[in-house]
Amino acid sequence: MADPNPVLAHSDLPYELPDFASIADDDFLPAFTDAMARHLTEVEAIAANPDEPTFANTIEALEFSGRDLARAAGIFFNLVGPDTNPKRNEISQQLSVLLTDHANAIAMNPVLFERISSLHQRADEAGLAEPQRRLLAKRYREAVRAGAALDTEQQDEMRRISSRLAYLTTTFSQQILDDTNDSAVFVDDVTLLDGLSSGQIAAARRAATEAGYDGGYLITLELPTSQGSVAALTDPATRQRVFDASVSRCSRGNDNDTTELVVEIVRLRARRAALLGYRDHAEYVIAEETAPDPAAVDDLLRELSASAMRAGDRELARLTEFARGHDASVEIAVGEIGAADITYWLDREKKSRSTVDLDDFADYCELDTVLERGVFYAAHELYGLRFTERPDLAGYHPDVRIWEVFDDNGTGIGLFLGDYFARPSKRGGAWMNNVIDQSAALRTRPVIVNVLNLTKPDAGQPCLLTMDQLTTLFHEFGHALHGLLSAVDYPSQSGTSVPRDFVEFPSQVNEMWALHPDVLAHYARHHKTGDPIPAELAAAARRSAATESAHSTIEYLAAAALDLAWHRLTEDEAAAVTDVEVFEAQALRGAGLASDLIPPRYRSAYFNHIFGGGYSAGYYSYIWSEVLDAETEQWFLAEGGLQRANGRRFADATLSRGDSVDPLVAHEKLIGRRAQIGPLLERRGLTGAA
C-alpha cells in the first residue's frame, strides 16, 4: 500500500527525485515520527534474531534498515540549509533532539551491542571483504562512542549530553543566519559603494527593498570574516562599517548572541569525551580521522603557522609601502593599513602587478557558460560524464536547476542539482548535499546538490564570476563528483562518507581544472561578444591564482588553531572558561597567530563549521587534505593532465571507493608513495619564509 505521507511515498520521478511540490512543511514531523518507529521495529527484530550473529543478519541488516528515515532526512535537511523558514527552523530544532535520542536508543540497545561485539571479536575469522570489515569496525566504534559500553548511569548522562548538544548546535546555526541577515550594512549614498560592480550595486539595491527600506542599498554579509565587498570598496569608512559588522556578528549582546552557546557546547563536549575515556574532545574526534592524533595536527599547524607569520610580516611591510606610494588622497590618509583595509590593498597590489586589468576576467566567466563548457567539460574529459539539463524536473526552489548525468556508455548514473544564488532563507557559504546516496546493494543512484551564494543578477543580466567564485564552483563540484561517481555496496560508505580530514581532498583536486589552459580555453568567452579570453589575461589570471597571500593562510590557520584550542580543553579546563573573547585572544597568542590585522577566518561566535556543523576539532582538515591535493595535482600534471586515463585512475582509486577502503592507502597507491608536505609549502609560498 502506498504511503500516504508524501515525504515517505515512493517517488516515480527519475532517480526517485523527491516530488518537492507535493510536500508541505506540516508533513515532516509525522513522516519522521513514522519513520523512526519503523526503524526501531526493524532494529529490535535484528537484535532479537535467535540465530547466531552473522555479518549478514546483523551488520548488513542494520545497514539496510531505516530507509524511510534516510529518505526523510535526505529531503528535510537538504531544505533547511538552502531554503529555511520559521516553520522549518522549529521542526529542525525538534528533530535535532528526537533524532539524537533515536540514534542513542539503537546504539545503546544492549542485546544489539552484544551481537555487534561478538562479530567484532571474531572479525578475523569471518572471511570478510575489506568493505565489510570496515563497516563492521565502524558499527562497533559508533556504538562504543555513543556510550554502549558504559554503565546505566553513564549512559543516561550520555543521552542527556547528546540531546542537549543537538539542541545547542542547531540553535547556533539558526542564530548565525538570523544575525548575519540582521548585520547587513545600510548605505544611502551610492557613491559610497564605489568599487563594487554594477551587478553588486543592483543586488544591494534589491536587498534594501526586500528588507523594507525606502530606497538606499544594503550590503549583505558573507559567512567568513573577510568580505568580498571590503576588498573592493574604495571608501575607507564603508569598508570599516562592513568589517565591523562582520567581526561582531553573534557577539553583540542581542537575542542572536551565541557566546553562551559556545561555552556550553565546549563544556558538554569535554564532559562527553571524559565519560568515554578520552582526554578531550579533539582526541575523541581525531580518533576517527586519518590524522593519527591531535599532536600530529598540532605539529602541522605549528610548522605552517611559523612560516606564515614570517611571510605575513614581509607581506604587510610590502603592502604598506605600496599603499603609501599610491595616490592616497581618498583611500588612505596617513599610510597606515588597518584590519578593515588590508584585503583592499592586497587586491589593489595584485592588480597593479598585472599588465592587464584582472577585473576584466569576470567578463569571460558567465555562470552558465562556465558550468556547461568548463565544469561539465572537465568532468567529461576526465571521467566521460555527460550532463543533460532536465527542465521538466522541479527542484525545491525556483532557482534550482537539475541535470541528468550519464557515463561514457550513455547510462544514467544520477541527478545533479545546482542552487547557486544567495537569498535570505539560505545560510552562508557553499556546500554539497546528497539527497539520495548511491548504493549498488539497494539499487539507488545518487541525487546530489551543490549550493553556492552568488549574487543573483537582475533579469536578463549575466551572472559573472570572480576568480574566487570560479574556484568555489569547481571545488563544490569536486564534492559532487565524489557522490556521483561512487560505486559501493553500502550507503554509509557512499561518496563523501569518508573521514572528515579526507573529504575535502577530492574537491580541492577539482579546483586545479578551473584555470587549466585546456579548460579555460573551452569556457572563457566574453559574455557580450563571445570573443575568447586574451592570452595575456588568461596568463595573468593563472599567475594571480597561484599567488596565495599570507593573509589568507594566516586567517585560515588562526581559525584551525582556535578550533583545536577550544576542543583540547579538558573537562576542568572547559569549566573555567567564561569569556569567549578572552579565551579566543589567549588561544591565538598561544598558537603564535595573534594579529591585530588578521582575525581568524571565523571567530568563535559565528564559527558554524565547529559549533553548528560537523567540523568540531576538524577544521584543520582543509589544510590536512591540501597536503594530498598538492601532491595529486603534481601527479596529474606529470601524467599528462586532462586525460581520460588519468581521470579513470583517480576515480578508481578515490572517487568511486568512498569509505569502502582505507583512503590514505588508496592515495599512496595512486601516486606511488606517502604524500609529503613540500608541494603544499611551495604552493602557499612558504618555502622561503625562514
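Residues numbered from 1 in each chain as written. Predicted model: local features only at pLDDT ≥ 70, side-chain atom pairs only at ≥ 80, totals over all residues. Heavy atoms only, no water.

A. Expanded view of the domain arrangement of the chain. When the domains of the chain are assigned, the result is domain 1 (6-149), domain 2 (185-248), domain 3 (258-353 + 550-618) and domain 4 (366-534). Taken together, the contacts link eight residues of domain 3 with seven residues of domain 4. Regarding the contact of domain 3 and domain 4, the summed buried area is about 600 Å², with carbon and sulfur atoms giving 45% of it. Summed over the three residues of domain 3 that lose the most area to domain 4, namely Glu 289, Thr 290 and Tyr 615, the buried surface amounts to 67% of that side. Viewed at the interface, domain 4 and domain 3 are joined by zero salt bridges. There are six residue pairs in polar contact (both at pLDDT 80 or more) connecting domain 3 and domain 4. A class-by-class count of the residues in the side of domain 3 that touches domain 4 yields two nonpolar, four polar and two charged. (Domains from an automatic or database assignment. Contact = heavy atoms within 4.5 Å. Buried area = accessible area lost by both parts, 1.4 Å probe. Salt bridge = Lys/Arg side-chain N within 4 Å of Asp/Glu carboxyl O. Polar contact = N/O pair within 3.5 Å; in protein donor to acceptor, adjacent residues only side chain to side chain. Nonpolar A, V, L, I, M, F, W, Y, C, P; charged D, E, K, R; others polar.)

B. Fine view of the sheet that holds strand S3 (residues 386-389). Taken in spatial order, the five strands make up an open sheet running S3-S4-S5-S7-S6, and their pairing is mixed. A strand with exactly one partner marks an edge of an open sheet, and here the two such strands are S3 and strand S6 (431-436). Going from strand to strand, the sheet's axes swing by 25 degrees on average, the running direction of each strand aside. Relative to strand S5 (residues 412-421), strand S4 (residues 401-406) is paired through six bridges, and the arrangement is antiparallel. Within the sheet, the bridge partner assigned to Arg 401 lies in S5 and is Gly 418. Packed on one face of the sheet, helix H14 (residues 367-383) meets S3, S4, S5 and strand S7 (447-454) and runs near 20 degrees to S4. (Pairing = 2+ DSSP bridges. Helix = DSSP H or I, 4+ residues; strand = E, 2+ residues; numbered from the N terminus. Axes fitted to C-alpha atoms, helices over the stretch in contact; angles between N-to-C directions.)

C. The arrangement of unusual backbone geometry in detail. For Tyr 15, which is not glycine, the phi torsion reads 60 degrees and is therefore positive. With respect to the helices and strands, the residue Tyr 15 is situated in the segment before helix H1 (28-47). Unlike most non-glycine residues, Ala 617 shows phi in positive territory, near 55 degrees. Within the secondary structure, Ala 617 sits in the loop between helix H22 (608-611) and helix H23 (621-638). Assessed through its relative accessible area of 0%, Ala 617 is described here as buried. (Buried < 20%, exposed > 50% of the residue type's maximum accessible area, 1.4 Å probe, protein only.)

D. Looking closely at the packing of helix H12 (residues 294-325) against helix H19 (residues 550-567). Close contact between H12 and H19 brings their axes to 9 Å; oriented N to C, the two are set at 145 degrees. Relative to H19, H12 is oriented so that their crossing is left-handed. Between H12 and H19, the residues in contact are Val 297, Asp 298, Leu 301, Leu 304, Ser 305, Ala 308, Met 309, Ala 311, Gly 312 and Glu 315 and Ala 550, His 551, Thr 553, Ile 554, Leu 557, Ala 560, Ala 561 and Leu 564, respectively. When grouped by side-chain class, the residues that make up the contact of H12 with H19 number 12 nonpolar, four polar and two charged. (Left-handed = near helix turned anticlockwise from the far one by under 90°.)

E. Quick peek at the nonpolar core. Formed by 150 residues in total, the largest nonpolar core has its most connected members in Phe 361, Tyr 523 and Trp 566. What Phe 361 contacts, discounting residues up to four positions off in sequence, is Met 467, Leu 470, Leu 515, Leu 520, Tyr 523, Ile 533, Leu 537 and Ala 541. Judged by nonpolar contacts, the second largest core, of 32 residues, contains Leu 8, Leu 17, Leu 417 and Trp 431. (Core = buried A, V, L, I, M, F, W, Y, C linked by side-chain atoms within 4.5 Å.)

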